[in-house]
Amino acid sequence: MDNYLPILIVFTLATAYGLWYQRSRGQLKSKSSRAGKPALTASDIGQDLGSRVTLVQFSSAFCTPCRATRALLTDITTDLNDVVHVDIDAEKNLDLVRRLDVRSTPTTLVLNSAGIEVGRAVGAPKRADVMATLNGIK
Amino acid sequence: MSITNVLKFNSTEDVKLLDARGPRFGALLTTIVLAATLVTGSLPLLIWQLGVFALGAFAGPQATPYAWIYRKFVKPRLSGDIPTEDSRPPQFAQVVGFLFALTATLAQLLDSIAVFTVAVSFALAAAFLNAVFNFCLGCEMYLRIARIRSAISMRKTPEDSYNLPNL
């Protein structure tokens, strides 16, 4: 006899997870910068931090939104000389990944001029959100 | 090699670009086949899907019969810009699907209904999430697997912790 219980459970749980996934991915959450330690230094990323903001993106090979995120952040930062975008291969830098507790790709950290993490987006962020966050950092 | 080259993600390497809607259409057909498999427990249906996953995993997502149906019947009816994606993320998903389908097939042959049900359920959930919510399995799973694998190998041989085997 056909059994419909497993499929009912799968579709219910998957839909609940899918709705949460769709809402949470790409959201740029700000973090309180007070009492923070620098998340990354110039020697961690192999180049100077941006004089105002550094956008540190963690990417991997099996990740479709990483390409879109890279294109968006490159596009935004080209015109801004005080904002730097760094794209890091997460798989080759697992020590950084662990230290910063990066769990999936793309994950983008927003660092202020002192290298303190003031925001983070898991998934591909939206242009307007990135612009608003950049404008809010002095 | 400078530290920057080691550190930075190499975006200039040759990647094969696909029409991103193809794998998503494939996920829709996979959802239907796996849903029918889960309800009926049909071994032929499961073996069909196992074969599709095998083609996607080893020959690439564009080599499956679902990709052929997409190119032949669906794509000609679509208009607008073609969203592209790297072929590696959907291929990774096909590998994961293949492993679950293989587990389910062996379980069915060995009369282990519980393992069959769980394995098909996971593959179905992933296909459904991909089709409906544009879920990126590689984004969510790959880094977690890499972290676990390096934690295990670091415990064994600390100095070799970065020489991870290829998946």
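S.K.: An account of the domain arrangement of chain B is needed here, citing residue identities and associated values.
M.R.: Residue and element names in this part refer to chain B. Taken domain by domain, chain B holds domain 1 (17–135) and domain 2 (136–167). Each of domain 1 and domain 2 has a C-alpha centre, and these two points are 25 Å apart. With 6 residues of domain 1 at the interface, the matching set in domain 2 holds 8 residues. By the criterion of area lost to domain 2, the three top residues of domain 1 are F92, V96 and F135, representing 76% of everything that side buries. Counting the contacts that link domain 1 with domain 2 gives 0 salt bridges.

S.K.: Hey, could you go over the interface of chain B and chain A for me, with residue numbers and the actual values?
M.R.: Each partner contributes to the interface: chain B provides 43 residues, whereas chain A provides 47 residues. Summing both sides of the interface, chain B and chain A together bury roughly 4,000 Å²; the carbon and sulfur share of this comes to 64%. Seen at the junction of chain B and chain A, the total is 2 salt bridges. Two residues, R147(B) and D101(A), come together in a salt bridge whose shortest N-O distance is 3.6 Å.

S.K.: Lay out the layout of surface pockets with the relevant residues and their values.
M.R.: All names here are of chain B. There is about 420 Å³ of room inside the second largest pocket. Sorting elements by how many residues they give to the lining of the second largest pocket places helix α6 (residues 113–133) first, with 7 residues. Partitioned by chemical class, the residues of the lining of the second largest pocket number 16 nonpolar, 1 polar and 2 charged. Each of domain 1 (17–135) and domain 2 (136–167) contributes no fewer than three residues to the lining of the second largest pocket.

S.K.: So what's going on with helix α7 (residues 137–156) of chain B? Residues and values would help.
M.R.: The terminal C-alpha atoms of α7(B) lie 28 Å apart, and with 20 residues this matches the ideal 28 Å at 1.5 Å per residue to within 8%. The set of residues buried in α7(B) consists of L137(B), G138(B), C139(B), E140(B), Y142(B), L143(B), A146(B), R147(B), R149(B), S150(B) and S153(B). Packing partners of the buried residues in α7(B) comprise α1 (5–24), α3 (64–78) and α4 (94–99) of chain A together with α5 (88–109) and α6 of chain B.

S.K.: Requested: an account of the sheet that holds strand β4 (residues 107–112) of chain A, with residues and values cited.
M.R.: Pairing between the strands of a sheet is mediated by backbone hydrogen bonds and can be parallel or antiparallel. Residues and elements named next belong to chain A. If you trace the 5 strands from one edge of the open sheet to the other, you get β1-β5-β4-β2-β3, paired in mixed fashion. With one partner strand each, in any of the chains shown, β1 (28–30) and β3 (83–89) form the two edges of the open sheet. With direction set aside, neighbouring strand axes in the sheet form an average angle of 20°. The pairing of β4 with strand β5 (residues 117–122) spans 5 bridges and is classified as antiparallel. Counterpart to T108 in the pairing with β5 is A121.

S.K.: Break down empty space enclosed by the protein for me, citing the residues and quoting the values.
M.R.: Residue and element names in this part refer to chain A. In total, this model carries 1 cavity of 30 Å³ or more according to the counting rule given. In this model, the largest cavity occupies a volume close to 50 Å³. In terms of lining residues, the largest cavity is bounded by L28, L55, L73, T108, V110, A121, P125, V130 and T133. Class assignment for the residues of the lining of the largest cavity results in 7 nonpolar, 2 polar and no charged.

Parameters and conventions
Residues numbered from 1 in each chain as written. Chains lettered and ligands numbered in written order. Predicted model: local features only at pLDDT ≥ 70, side-chain atom pairs only at ≥ 80, totals over all residues. Heavy atoms only, no water. Domains from an automatic or database assignment. Contact = heavy atoms within 4.5 Å. Buried area = accessible area lost by both parts, 1.4 Å probe. Salt bridge = Lys/Arg side-chain N within 4 Å of Asp/Glu carboxyl O. 1 Å grid on protein atoms, 1.4 Å probe; cavity = no way out; pocket = protein on both sides within 12 Å on 5 of 7 lines; lining within 4 Å. Points joined across faces, edges and corners; volume = space filled by probe spheres on them. Helix = DSSP H or I, 4+ residues; strand = E, 2+ residues; numbered from the N terminus. Nonpolar A, V, L, I, M, F, W, Y, C, P; charged D, E, K, R; others polar. Expected span 1.5 Å × (residues − 1). Buried < 20%, exposed > 50% of the residue type's maximum accessible area, 1.4 Å probe, protein only. Pairing = 2+ DSSP bridges. Axes fitted to C-alpha atoms, helices over the stretch in contact; angles between N-to-C directions.

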